[in-house]
Amino acid sequence: MLEVKNVDAGYGSTVILQDISLHVEPGEVVTIVGANGAGKTTLLRTISGLVKPRTGAITFEGKDITKLEAHDTVDRGITLIPEGRQLFPDMTVRDNLLMGAYCRHARDYQDDTLHEVLELFPRLRERLDQHASSLSGGEQQMVAIARGMMARPKILMFDEPSLGLAPIIVSQVFEVIAQVAATGTTVLIVEQNVFHTLKAADRGYVLENGRMVLTDDADALLQNDHVRQAYLGI
Amino acid sequence: MDTFLQIVANGLMLGGLFAIVAVGLTLIFGIVKVINFAHGEFLMVGMYLTFLLSTGLDVHPYLTAAAVAPALFVLGALTQRLLIQPLMSARDEHVQIFATVGLSTALMNLALLVFGADIANTPAHGVRSQVMLGEVRILTGQLWVFGAAILLVIALQLFMKKTRTGRAIRATAQNRAAARLMGINDKFIYVLTFGLGAACVGLGSSLIAPLYPTSPTIGTYFVLIAFVCVVLGGLGSIPGAFFGALVIGLVDALSGFYIGSDLREAVVFTIFLLILILKPSGLFGTRMTQSHVSP
Ligand SMILES: Nc1ncnc2c1ncn2[C@@H]1O[C@H](COP(=O)(O)OP(=O)(O)O)[C@@H](O)[C@H]1O
Ligand SMILES: [Mg+2]
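Predicted, not measured: the structure shown is a model, and the values here were computed from it.

Student: A description of the coordination of the magnesium ion (ligand 2) should follow, citing residues and the corresponding values.
Tutor: All names here are of chain A. Protein coordination of the magnesium ion (ligand 2) is provided by T41 (OG1) and E83 (OE), with donor distances spanning 2.0 Å. Taken as a pair, T41 in helix α1 (residues 40-48) and E83 in the loop between β6 (78-81) and α3 (93-100) lie far apart in primary sequence, 42 residues in all. Residue class for T41 comes out partly exposed when judged on its relative accessible area of 22%. Residue E83 is classed as partly exposed on the basis of its relative accessible area, which comes to 30%.

Right, here's the structure in full:
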């Protein structure tokens, strides 16, 4: 479904990602784990089109999307829930969610999708008319996820959804991700919270200093010596 | 008392006029984050277009707004697309300011070349006739400008709050990268917004032309005052610009009468400097959380 082939990418003259390859199949939950600064965010941004690859190719459903702008990849069905939530602070929760349904294929279903999404996040229903900036961190993360779902994506990418959240909220976030996956949406998660994420995923990649160093089934990675030492502290 | 009321009325009418120029300026600043120093020359171009169309076709100058506003939309959109957008990635934001100052000078000189330094008088078609509101005398054209300014502010607010495109414009201003992730074409939004801001002053120019003689330098005066209104109202706030314009209109009229007409502008700009020093977010302004830097 999504295939990244030998991609190099970075900012300005700095190369961050080197020779990255990965693939995600329909219905899978795939995770990319790695330390702070490994290049996880850069990789998701490159897939989204916010960062352009220098070399290599990205295809989605068999079509080349390497050079597409970010707003075009959304129209293809690729949605990124960015790190740090990136809500529209001075807009209401409702307007934030409606912005999620801005892309062409989601527009016409906007009201139905909003209804579905609010079923999943009943607490947001009471907050619909509040400004996004007035919400707690956990609630803001829920809005960010709900906004991503409003786009009715084929693949939903999460960039560190648990960052800065209390442990109990982290569990809720992962429950929601499981529910998203259960609806058949393909999921790609990037996390530093390695244990939680590998538990939730089918397969995983390990990213270190901009290079993919390891890939395997999630269960196998949980048993892997390197992963246990470097990321799980066992 | 009658004199005082008359001066207040004059001030409010003047405020409406400033408002209709300031609204587009604050829209462009609030969304595109560019101070359009050519805004006054947009007004000047619109006034010349109004003059040419209304004399050439012998129609009421207000009717020409149907052509002038779209023409100014195109001028604004092209300015963003061809001048500002190529400079947006420039490290130094001042480059964009120089660009609009350059455009301002270029348009002014173009007008001098085409029309000469003489003034052009757009036919009034009755809008310079007076009406009495109680004890107060007002030009009908001033009333139209005032009403149009109010309608424009309301229409823009509704557009920004209630339409999908309006929401997309606000979203782009609040978080450009996130807006792109929603599927919003940010470059298109900037072109559209610059066009809309210019169209607003285009509408204004058709209403102002029959009241003021048009000259190549007419924009300079208006844009400076409009800039003061925008700062007073809080940069980027559309209702703020409107109320800021009313305040400046009143200050202008009252100081012109009680202090001396030579000192009007000195008073207005003193107030401007005081605001910049004491309350830079403006009288009605809120915190600006907006950035066009795409991280
Ligand atoms: N906008 C940027 N410009 C320049 N360098 C950046 C930018 N964003 C991130 N980097 C650098 O790229 C590297 C990888 O960052 P990032 O992709 O955010 O890693 P991760 O998400 O894994 O923590 C870091 O060294 C970081 O300093
Ligand atoms: Mg990151």
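Student: I'd like a rundown of the interface of chain B and chain A, residues and numbers included.
Tutor: The interface is formed by 20 residues belonging to chain B together with 27 residues belonging to chain A. Looking at the side of chain B facing chain A, the largest losses of area belong to B:R164, B:L181 and B:M182, adding up to 33% of the total buried there. Taken together, the connections running from chain B to chain A amount to 2 salt bridges. Counting across the interface, chain B meets chain A through 5 residue pairs in polar contact (both at pLDDT 80 or more). Considering each element in turn, the side of chain B that touches chain A owes the most residues, 6 residues, to helix α6 (residues 164-174) of chain B. Looking at the side of chain B that touches chain A, its residues break down into 9 nonpolar, 5 polar and 6 charged.

Student: Describe the packing of helix α2 (residues 39-56) of chain B against helix α3 (residues 65-84) of chain B, listing the residues and the values that go with them.
Tutor: Residue and element names in this part refer to chain B. Interaxial distance between α2 and α3 falls to 10 Å at its minimum, and their mutual angle equals 145°. Here α2 and α3 pass one another in a crossing that is right-handed. Here α2 contributes F42, V45, G46, L49, T50 and L53 to the contact with α3, which in turn contributes A67, V68, A71, L72, L75, G76 and T79. For the contact of α2 with α3, the residue count by class is 9 nonpolar, 4 polar and no charged.

Calculation notes
Residues numbered from 1 in each chain as written. Chains lettered and ligands numbered in written order. Predicted model: local features only at pLDDT ≥ 70, side-chain atom pairs only at ≥ 80, totals over all residues. Heavy atoms only, no water. Donors = N, O, S within 2.8 Å, 3.2 Å for Na, K, Ca; no water. Helix = DSSP H or I, 4+ residues; strand = E, 2+ residues; numbered from the N terminus. Buried < 20%, exposed > 50% of the residue type's maximum accessible area, 1.4 Å probe, protein only. Contact = heavy atoms within 4.5 Å. Buried area = accessible area lost by both parts, 1.4 Å probe. Salt bridge = Lys/Arg side-chain N within 4 Å of Asp/Glu carboxyl O. Polar contact = N/O pair within 3.5 Å; in protein donor to acceptor, adjacent residues only side chain to side chain. Nonpolar A, V, L, I, M, F, W, Y, C, P; charged D, E, K, R; others polar. Axes fitted to C-alpha atoms, helices over the stretch in contact; angles between N-to-C directions. Left-handed = near helix turned anticlockwise from the far one by under 90°.

So far we have only geometry, and geometry alone does not tell us how the molecule works.
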